[in-house]
Amino acid sequence: MASIAGFCPSPPLSPPLEKASAEPRLANMLAAMSHRGSTPMAALLPPADLASGLPTVALAAGYMGQIPALYVDKASHMGVAFSGHLHNMEALLAHYGCPPQTSTAQLVQRAFAQEGLACTQRFLGSFAFAVCDEKQRLWLVRDGVGACPLFYAHGPEGFAFASEIKALFAGKHLQPKLNLHAINQSLRFWGPVLGFSHFEGAFALLPGMALCLDKGKLHMHRCWDVNLSQENICTQLSEEQALQTLDALFRDTVSKYLKTAPQLGAFLSGGLDSSLVCAVAHRQAGKLPTFSVAFEQARFDESEYQQRVAKAIGTEHRTLLVTDEEIGALLPQAVVHAEHMFLRSAPAPFLALSRWVAQHGIQSVLSGEGADEFFWGYDIYKETVLREFWARFPSSSIRPKLFARLYPYLSLSELPVEMLQSFYGIGLDKPKAWDFSHQIRWNNSGRIARFLSPAFTQATAHVSPEDTLRQSLPPSFETLPTMGKAQYLEMRSMLQNYLLPIQGESMLAAGALQGCFPFMDRRVVEFAASLPRRLKLLGLTEKYLLRRYGQRWVPPEVYQRPKFPYRAPIVEALLGKAPPPWVQTLLSKEAMETVGVFDADKCSKFMAKLRTLQKPPSEADAMALNALATTQLLAWHFVLSPPPPPPPPPLLWL
Amino acid sequence: MGEPLSILTVSFAFVLEKTSYMDSIRSTIRSFISDTFFVDDFEDGASFLKSGTIDSTGMMELVNFVEQSFGFKVEDNELVPENLDSLDNLVQFISRKKS
């Protein structure tokens, strides 16, 4: 795992580049991300003594393991800063005629010099990189799924980019200020959309996109997108054919990771997806350390399944128990790493897990992330199918009853059908609407808005989060079938703006771990998109094909097991018997008034209610509390009281 | 001429009493909803579920509250939006049950 950073000033507002003036800014940027790697390197491009004018770009990167993540080609003055992992390095080295010891940054330089942006079509794995080409253009590129982050800021003084937003602040390219619209978006979609971040002026390069900075102007190019159109679906594909293709693809992907990823371990959640990854990897490697997290409370804990799978597969398994108290104590650090407010507390135990795994000498981890999105494991897909079925006969009193089967744990079975109609019948008259699949979820999370302060509501009222999200969708979106739209929205909102940046990447980065995601391999994602609907969702059986595939690899209780969402305690961790000290100060009325996002009076009453609750809190209440707490933490640690910057490391100049 | 007048007075008083009774139900329910679900602005006629004022688990809490505060049981066949899914509907339903 490397961090990359760089900037190009725009004269005359900021001084032209020289090593002496560039060094402190670059070093501070890398210091802010020091958890990701070591030994920072830097370069000015093109080199001052060789360029006709002055250098235009300052590039910096750390090492990935023993391999430098920055490469400068002396002949062409091209430079590449690379973060991520390409698991088909062997084939790429052969294709571009590079010797075996070539670093990934060097390979990318060679590939980009030969084919330009088109070279990314050959890259498999996750990546975010920056290239300064011979024409003095700066390119930023991110893989299609979005497992490696890249942020940028563009102002009158120049352009800057980094793997994390805090580096933009550390390099003085941006002043930290919360973006209220982005917070408003997160309260509906769980994360900011359209490339916004939670900070004003800091933007995320969207997955599958390339940005080109040419003579001070930004241009965006799309490199890859998943094709979810009806025409792309192989309707005639048989179950056996699909299983064969999946087996070949999946084993190939896992074996590539085994060959290329250093010090590989795996996360084992006890669910189908990570069990499959672990089983296939263990079979091929003969040995695999696996890790999981356990909780004190049975309603969150999956350790029984984890033990069973680990025993059945035969991995060398370790479990970390994370207590409610530890979750509360870790939440501030999780927010600082994520640079994001979040509706669930799961990133905190994940942070503990990542650091603990790193202590065992692990540098890369396999995970089952992505399977639920691409093979349709989430309830949102079933919900959409049910609502679509119901919309064809809206007055039916039988069809809405299926929702009680979909969410048995929500006590819906106690609700009479007329109530289900009121709740799930929203938008039923417009089954072709762009947001048909996600209306219920977004309305549910949007209920957090009742805790917002009047000032916040007023300041954000003129921009609709839905309109902003809609702007981020490509024109082809409108032509997709309902389930294609559902998957696209799930990928663009939940996966890429919430799960991956928070759980999939930044917590891993906190332990300097590189994530390896076989289910997000581009070929696997494309294969899943081509599957007929019946192989993903058969009746109400989710991830049908993966369950069938699971029969070969994991015990029946795992492949038959219904989806169990990974969640962690919130109310118990923040307002329980031993609340962390920060709760008292940052969730006080005064602190809430200072931040101004939430209504201090209402939230104080709300927390008082939660403190005296005799039964487990509702999901909606727990999410509202987490949103409130993490927003307060975000404001405190970035805007109101940022920590002193870590000492800048010496740079190794290329 | 005295008698009809007194009948008028009695029925007028009854209407007054009924209105104020319904008002008190309304304000009891409204403050329960504000205190429990932290929503201040909701219209008397708006669907709780559709407007997001109350979610599906909240409806159960609301029914519990109604049963305990007004001393009757809500039968399964009464758990319908016409009875419960707005402040207006709920007030009507409770006053029907109580009369």
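Look a little higher up for the structure.
Everything numeric here is computed off the predicted structure, so don't read it as measured data.

**Q** Mind laying out the interface of chain A and chain B, listing which residues take part and the relevant values?
**A** Counting from both sides, the interface comprises 21 residues of chain A and, opposite them, 21 residues of chain B. Contact between chain A and chain B buries roughly 1900 Å² in total, counting both sides, with carbon and sulfur atoms accounting for 65%. In this assembly, chain A and chain B are joined by 1 salt bridge. With its nearest N and O atoms 3.4 Å apart, the salt bridge here joins Arg 447 of chain A to Asp 55 of chain B. Remark: the boundary between chain A and chain B carries 6 residue pairs in polar contact (both at pLDDT 80 or more). Counting residues per element, the ones that place at least two in the side of chain A that touches chain B are helix H14 (417-424) and helix H25 (600-611) of chain A. Grouping the amino acids of the side of chain A that touches chain B by side-chain chemistry returns 10 nonpolar, 3 polar and 8 charged.

**Q** Can you break down empty space enclosed by the protein residue by residue, with the values?
**A** All names here are of chain A. Considering all chains together, one arrives at 5 cavities of 30 Å³ or more under this definition. Here the largest cavity defines a volume of roughly 310 Å³. Contributions of two or more residues to the lining of the largest cavity are made by helix H9 (324-338) and helix H18 (482-510). With 6 residues, H18 is the largest single contributor of residues to the lining of the largest cavity. Residue classes in the lining of the largest cavity are distributed as 14 nonpolar, 10 polar and 5 charged. Along the walls of the second largest cavity sit 21 residues, with Gly 125, Phe 127, Asp 143, Gly 144 and Arg 522 positioned nearest its centre. Sorting elements by how many residues they give to the lining of the second largest cavity places strand E8 (residues 125-132) first, with 3 residues.

**Q** Describe the environment of Lys 98 of chain B, listing the residues and the values that go with them.
**A** Relative to the helices and strands, Lys 98 of chain B resides in helix H5 (residues 87-98). Dropping the residues within four chain positions of it, Lys 98 of chain B is found in contact with Tyr 21, Phe 70 and Phe 72 of chain B.

**Q** Run through helix H1 (residues 19-32) of chain A, naming residues and quoting values.
**A** Across its 14 residues, H1 of chain A extends 20 Å between first and last C-alpha, which sits within 8% of the 20 Å expected from 1.5 Å per residue. Listed as buried for H1 of chain A are Ala 22, Leu 26, Ala 27, Met 29, Leu 30, Ala 31 and Ala 32 of chain A.

**Q** A description of unusual backbone geometry should follow, citing residues and the corresponding values.
**A** All names here are of chain A. Along the chain, Leu 45 connects to Pro 46 via a cis peptide bond; the corresponding omega equals -15°. Of note, Pro 46 is situated in the loop between strand E2 (41-45) and strand E3 (57-61). Phi at Lys 543 takes a positive value of approximately 50°, unusual for a residue other than glycine.

**Q** With reference to specific residues and values, describe the pairing of strand E7 (residues 78-86) of chain A.
**A** Residue and element names in this part refer to chain A. Counting buried positions over the 9 residues of E7 gives 9, a clear majority of the element. With 4 bridges connecting them, strand E6 (residues 70-73) and E7 associate as antiparallel partners. Looking across to E7, one finds that Asp 73 is bridged to Met 78. Note that E7 and E8 share 8 bridges and pair antiparallel. When the bridges of E8 are listed, Gly 79 appears paired with Cys 132.

**Q** Describe the pairing of E6 of chain A, listing the residues and the values that go with them.
**A** In regular strands, side chains alternate between the two faces of the sheet. What you see with E6 of chain A is no split at all: Leu 70 and Val 72 of chain A on one side and Tyr 71 and Asp 73 of chain A on the other are buried throughout. Joining the antiparallel neighbours E6 of chain A and E7 of chain A is a turn of 4 residues, in which His 77 of chain A adopts a positive phi near 60°.

Rules behind the numbers
Residues numbered from 1 in each chain as written. Chains lettered and ligands numbered in written order. Predicted model: local features only at pLDDT ≥ 70, side-chain atom pairs only at ≥ 80, totals over all residues. Heavy atoms only, no water. Contact = heavy atoms within 4.5 Å. Buried area = accessible area lost by both parts, 1.4 Å probe. Salt bridge = Lys/Arg side-chain N within 4 Å of Asp/Glu carboxyl O. Polar contact = N/O pair within 3.5 Å; in protein donor to acceptor, adjacent residues only side chain to side chain. Helix = DSSP H or I, 4+ residues; strand = E, 2+ residues; numbered from the N terminus. Nonpolar A, V, L, I, M, F, W, Y, C, P; charged D, E, K, R; others polar. 1 Å grid on protein atoms, 1.4 Å probe; cavity = no way out; pocket = protein on both sides within 12 Å on 5 of 7 lines; lining within 4 Å. Points joined across faces, edges and corners; volume = space filled by probe spheres on them. Expected span 1.5 Å × (residues − 1). Buried < 20%, exposed > 50% of the residue type's maximum accessible area, 1.4 Å probe, protein only. Pairing = 2+ DSSP bridges.

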